[in-house]
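Examination of the molecular architecture
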Amino acid sequence: MRRMSLIVIAGFAVPVVATAFIVSSGLWKDRQDAQDIDHIIDPIPRHGVITYSEGDTDQRTLFMRKIINGKLKDPCVITPKGKGGDIMGVISFDGRWLAFARNVAPADPEATIQGQWKGFENEDYHKFHAWDIHVVRIDGDLPAESIKVGHGYWPSWGEDSGNEVKTLYFGNFEEGAVYAATIHDEGNRVSEPYFHAQVPDWTAEDHHMQVAPDGQKVAIRINGEMYIKGINGNTEDQIMRKGCHPSWMADSKWLFIAASKFWHVESGRRSGAQGGKYHFGSSSNMKWAMSITDFDGNRQNCGFNLCLYPMGLVKGRMTLYRDLARQISSKGSWPDVHEFAEPPIN
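Bear in mind the structure is a predicted one, so any value in this text is a computation, not a measurement.

**Some remarks on the nonpolar core**
One finds Met-88, Val-135, Tyr-153, Trp-157, Leu-168, Val-178 and Val-218 to be the most contacted residues of the largest nonpolar core, which totals 36 residues. Contributing elements (two or more residues each) for this core: β7 (86-91), β8 (97-103), β9 (131-137), β11 (153-157), β12 (165-172), β13 (177-184), β16 (207-211) and β17 (217-222). When residues of this core are assigned to their parent elements, the largest contribution, 6 residues, is made by β13. Residues contacting Leu-168, with those up to four places away along its chain left out, are Ala-99, Ile-133, Val-135, Val-149, Pro-155, Ser-156, Trp-157, Tyr-179, Ala-180, Ala-181 and Ile-183.

**So, the packing of aromatic side chains**
Taken as a whole and assessed by the stated rule, the structure comprises 8 aromatic pairs. Between Phe-256 and Phe-280, the aromatic rings sit 4.4 Å apart at their centres with planes inclined by 15°, giving stacked as the arrangement. Of the two residues, Phe-256 is situated in strand β21 (residues 254-258) and Phe-280 in strand β24 (residues 278-282); the sequence distance between them amounts to 24 residues. When its relative accessible area of 0% is taken as the criterion, Phe-256 is described as buried. An aromatic cluster is present here, built from Tyr-153, Trp-154 and Trp-334 joined pairwise through their rings.

**Focus: a positive patch on the surface**
Together, Arg-46, Lys-71, Lys-73 and Arg-326 line one region of the surface with positive charge. With respect to the helices and strands, the residue Arg-326 is situated in strand β28 (residues 326-339).

**Looking at the environment of Ala-341**
For Ala-341, the position within the fold is in the segment after β28. It is 9.5 Å that separates the C-alpha atoms of Ala-341 and Asn-285, two residues lying 56 residues apart in sequence.

**Quick notes on the pattern of salt bridges**
Charged atoms that come close allow side chains of opposite charge to pair. With the rule as written, the count across this model stands at 12 salt bridges. With a closest N to O distance of 2.8 Å, Asp-56 and Lys-331 form a salt bridge. Of this pair, Asp-56 sits in the loop between β3 (48-54) and β4 (61-68) while Lys-331 sits in strand β28, and the two are 275 residues apart along the sequence. Given a relative accessible area of 31%, Lys-331 falls into the partly exposed group.

**What to know about the sheet that holds β17**
Read from one edge of the open sheet, 4 strands run β16-β17-β18-β19, paired in antiparallel fashion. A single partner strand is all that each edge strand has here, and the edge strands are β16 and β19 (237-242). For this sheet, the mean angle separating the axes of adjacent strands, direction not counted, is 15°. Strand direction decides the pairing type here: strand β18 (residues 225-230) and β19, joined by 4 bridges, are antiparallel. Of the residues in β19, the one forming a bridge with Tyr-227 is Ile-239.

**Let's talk about the pairing of β12**
A regular strand places its side chains on the two faces of the sheet in alternate fashion. The element β12 is extensively covered by neighbouring structure, given that 7 of its 8 residues are classed as buried. For β11 and β12, the ladder comprises 3 bridges, and the chain directions are antiparallel. Note that in β12 the partner of Ser-156 across the bridge is Tyr-169. Where β12 hands over to β13, the hairpin turn is made up of 4 residues, of which Gly-176 adopts a positive phi near 60°.

**Here's the deal with the confidence of the model for the chain**
Across the chain, the average pLDDT comes to 81, with 77% of residues at 70 or higher. Long-range and interchain partners of residues 1-34, a stretch whose pLDDT sits below 50, account for 42 contacts in this model, where long-range means more than four residues apart. Across residues 112-119, confidence stays below pLDDT 50; counting only partners more than four residues off in sequence or on other chains, it has 13 contacts.

**Focus on the pairing of β8**
With 7 of its 7 residues buried, β8 lies for the most part within the structure. Taking every second residue as pointing to the same face, both faces of β8 are buried, with Trp-97, Ala-99, Ala-101 and Asn-103 on one and Leu-98, Phe-100 and Arg-102 on the other. The sheet contact formed by β7 and β8 spans 4 bridges and is antiparallel. Bridged to Asp-86 within β8 is Arg-102. What sits between the antiparallel neighbours β7 and β8 is a turn of 5 residues, in which Gly-95 has the positive phi angle 75°. In this sheet, β9 lies alongside β8 in antiparallel orientation, the contact comprising 7 bridges. Paired with Arg-102 across the strands is Asp-132, a residue of β9.

About the criteria used
- Residues numbered from 1 in each chain as written.
- Predicted model: local features only at pLDDT ≥ 70, side-chain atom pairs only at ≥ 80, totals over all residues.
- Heavy atoms only, no water.
- Core = buried A, V, L, I, M, F, W, Y, C linked by side-chain atoms within 4.5 Å.
- Buried < 20%, exposed > 50% of the residue type's maximum accessible area, 1.4 Å probe, protein only.
- Helix = DSSP H or I, 4+ residues; strand = E, 2+ residues; numbered from the N terminus.
- Contact = heavy atoms within 4.5 Å.
- Phe/Tyr/Trp six-rings, centres within 6.5 Å; stacked < 30°, edge-to-face > 60°.
- Patch = residues over 30% accessible without salt bridge, like charges linked within 9 Å, V, L, I, M, F, W, Y side chains within 5 Å.
- Areas by Shrake-Rupley, 256 points an atom, 1.4 Å probe, with all protein chains shown as cover.
- Salt bridge = Lys/Arg side-chain N within 4 Å of Asp/Glu carboxyl O.
- Lys, Arg positive; Asp, Glu negative; His and termini not counted.
- Charge placed at Lys NZ, Arg CZ, Asp CG, Glu CD.
- Pairing = 2+ DSSP bridges.
- Axes fitted to C-alpha atoms, helices over the stretch in contact; angles between N-to-C directions.
- pLDDT = per-residue confidence, 0-100.

As structure tokens, then:
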């Protein structure tokens, strides 16, 4: 723990802790706005879970690390790996479920199914037609068997996913559509996928698409540019310039796009290079984030150094506290994090 120092203000000694500081005090009003952080910044959650894929290409396997009383536990396998690897993991807002994409292409890169599979499609996340969506409970004994939801990619949980009955969204590349399914905690029941919305202006070249938790908009790359497009009657239409890897935050207002940019939907502006590098995930209370720290464009389907960060608003800009980064894996990708308000039962 770092040494505590004192700042003297108007005759009073005020303690300042390097690893945790209070930003809601009036002493810092000239450096904040009303939306800035109003909690103590800790280097790690008190209780939580971290999920991520570890390994390269078709060997990527889903792992979880628990955080108990501020201590990071050893990793454990979440579910046995699929033939082509498991990626894109996202945690429900109550921390009970993980949704992810499992590759369904043949392991042989020369194999074809009705001419559809070509090249290393069992390894490459860019082949968006080569994935199915699965869910798995992560609040019990692991490893656990996953449940197939349907054909698609880039899953995201609805804003109701803190409830016992949850909505899961995912994209369907072939149709340029958003599908949804209902997940029931009781009995681990999963509904048949149903059509949710058509994506406006979609063409077969579009990809990198994720649905916001409110189910009313998507972030999608079109001709190399990232857009926010409204669906189901929402007329939202914003261009965010070049980018990829969209990752919505729980309030459906903040969005991460690679590399390193946060975007605020209502203000229509970005926070600059305040985010992680690629492969971003954030907690439902928006206090924590995960990201890889380096990236090689020639090795996009490989694992990299993966870290956990405290996150919050500084001067109205979403920011990662890089000086408090905690390494989670040296070969990680596609991360997410959840903080429990109270210690979980399991």
